[in-house]
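Architecture and fold: a report
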Amino acid sequence: MTTNQSANLAKATFGTGCFWCTEALYESLDGVIGAVSGYEGGQKPNPTYKEVCTGTTGHAECVEVTYDPAKITYQELLEAFFRSHDPTSLNRQGEDVGTQYRSVIFYHNDEQKQLAETAKAELDKAGAYNRPIVTEISPAETFYEAEAYHQTYFANNPNQGYCAFVIAPKMDKFKKVFKEKLKQETVN
């Protein structure tokens, strides 16, 4: 178990394209203590959003999730990951194009690596998608927290165009699929 806060908490890091969506989805799950938007997997130390958007830093927009394994399992977080975006789309999610929007799981230990690889293989074998899954599975490296205005973006900007027309419908679908796993305040 990897943790920076307590022996009872663990970390998971996922990239599903835009981190605003990913953060909002994970924040709604019971057992998730927090989700922080940021960048990982590139070469440039302390990248800015503007730099990451160029696609030249190698970083992916991702979210570092702190969770309580007694309330939500890593397998359940993986299920949320695979059901919340298109893992068959290489370096693209919707209109967002570039390696910074790649589908990626940054594992924090061997167990997470094995579970991620198994989930990916089983979904491919079952034909869950019309195309092969291209999700990258890589060891966690240095996570760089995104600028403050990116944190809890959806909650702070629900009427902003992208939030209203992209994130809100995605959240509605997510809540229907994961209704048994939602925090009580996000059920409605």
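Residues numbered from 1 in each chain as written. Predicted model: local features only at pLDDT ≥ 70, side-chain atom pairs only at ≥ 80, totals over all residues. Heavy atoms only, no water.

1. Description of the pattern of salt bridges
Where we set the bar: Salt bridges are counted wherever a side-chain nitrogen of Lys or Arg sits within 4 Å of a carboxyl oxygen of Asp or Glu. Partly exposed describes any residue whose relative accessible area lies between the buried limit of under 20% and the exposed limit of over 50%, with all areas from a 1.4 Å probe on protein chains only and scaled to the type maximum. Numbering of helices and strands runs from the N terminus; a helix is a DSSP stretch of H or I covering at least four residues, while a strand is a stretch of E covering at least two.
Tallying each qualifying case throughout the model produces seven salt bridges. Glu51 is the partner of Lys44 in a salt bridge, and the nearest nitrogen-oxygen pair spans 3.6 Å. Assessed through its relative accessible area of 32%, Lys44 is described here as partly exposed. For Glu51, a relative accessible area of 26% corresponds to the partly exposed category. Put simply, Asp86 and Arg131 hold a salt bridge, and the shortest N to O gap is 3.1 Å. With Asp86 in the loop between helix H3 (74–83) and strand E4 (92–93) and Arg131 in the loop between helix H4 (110–126) and strand E7 (136–139), the pair connects residues that are 45 residues apart, well separated along the chain.

2. What about the sheet that holds strand E1 (residues 10–16)?
Selection criterion: Two strands make a pair as long as DSSP finds a minimum of two bridges between them. We call two residues in contact whenever any of their non-hydrogen atoms come within 4.5 Å of each other. Here an angle of 0 to 180 degrees is reported between the N-to-C directions of two axes, which are lines fitted to C-alpha atoms, with helices fitted over the stretch in contact.
Here six strands make up an open sheet; going across it, the order is E7-E6-E1-E3-E2-E8 and the pairing mixed. Strands with a single pairing partner mark the edges of an open sheet, and in this sheet they are E7 and strand E8 (144–145). In this sheet, strand E3 (residues 60–67) lies alongside strand E2 (residues 32–40) in antiparallel orientation, the contact comprising eight bridges. Looking across to E3, one finds that Ser37 is bridged to Val63. Strands in contact with helix H1 (residues 19–27) are E1, E2 and E3; relative to E2, the strand with the most contacts, it is inclined by about 165°. Strands in contact with H3 are E1, E2, E3 and strand E6 (103–107); relative to E1, the strand with the most contacts, it is inclined by about 10°.

3. Regarding the nonpolar core
We apply this condition: By nonpolar core we mean a set of buried residues, namely Ala, Val, Leu, Ile, Met, Phe, Trp, Tyr and Cys, connected to one another through side-chain atoms within 4.5 Å.
In this structure, Phe14, Tyr26, Leu29, Val65, Tyr74 and Leu77 are the most contacted members of the largest nonpolar core, which totals 40 residues. For this core, the secondary structure elements donating two or more residues are E1, H1, E2, E3, H3, H4, helix H5 (153–156) and helix H6 (161–177). What Phe14 contacts, discounting residues up to four positions off in sequence, is Thr22, Tyr26, Cys62, Val63, Val65, Tyr74, Leu77, Leu78, Phe81, Val104 and Ile105. Counting five residues, the second-largest nonpolar core is a separate cluster that includes Ala60, Cys62, Val104 and Phe143.

4. Quick notes on the environment of Ile33
Along the chain, the position of Ile33 falls in strand E2. Measuring from C-alpha to C-alpha, the distance between Ile33 and Gly55 comes to 30 Å, with 22 residues separating the pair along the chain. Among all residues touching Ile33, those that are not within four sequence positions of it are Leu9, Thr66, Tyr67 and Asp68.

5. A look at the pairing of E2
Most of E2 is tucked away: seven of the nine residues are buried. Across two bridges, E2 lies against E8 in antiparallel orientation. When the sheet's bridge partners are listed, Tyr39 is paired in E8 with Tyr144.

6. Let's talk about the packing of aromatic side chains
Convention followed: Here a Phe, Tyr or Trp ring, Trp counted by its six-membered ring, pairs with any other such ring whose centre lies within 6.5 Å, and the pair is stacked when the planes are under 30 degrees apart, edge-to-face when over 60, and tilted otherwise.
Summed over the entire model, instances satisfying the criterion amount to nine aromatic pairs. With centroids separated by 6.1 Å and ring planes inclined at 25°, the aromatic side chains of Phe14 and Tyr74 adopt a geometry described as stacked. Residue Phe14 is located in strand E1, and its partner Tyr74 is located in helix H3; the two are separated by 60 residues in the primary sequence. We classify Phe14 as buried; its relative accessible area is 0%. Judged by its relative accessible area of 5%, Tyr74 is buried. Aromatic side chains Phe19 and Tyr49 sit 6.1 Å apart centroid to centroid with 35° between the ring planes, which places their arrangement in the tilted category. Of this pair, Phe19 sits in helix H1 while Tyr49 sits in helix H2 (residues 49–53), and the two are 30 residues apart along the sequence. In this structure Phe19 comes out as buried when scored by relative accessible area, which is 0%.

7. Side note on the confidence of the model for the protein chain
Test applied: Per-residue confidence from the prediction method is given by pLDDT, with values spanning 0 to 100.
The share of residues in the protein chain with pLDDT of 70 or more is 95%, and the mean pLDDT across the chain is 93. In the predicted structure, residues 1–5 sits below a pLDDT of 50 and forms 16 contacts with residues beyond four places in sequence or in another chain.

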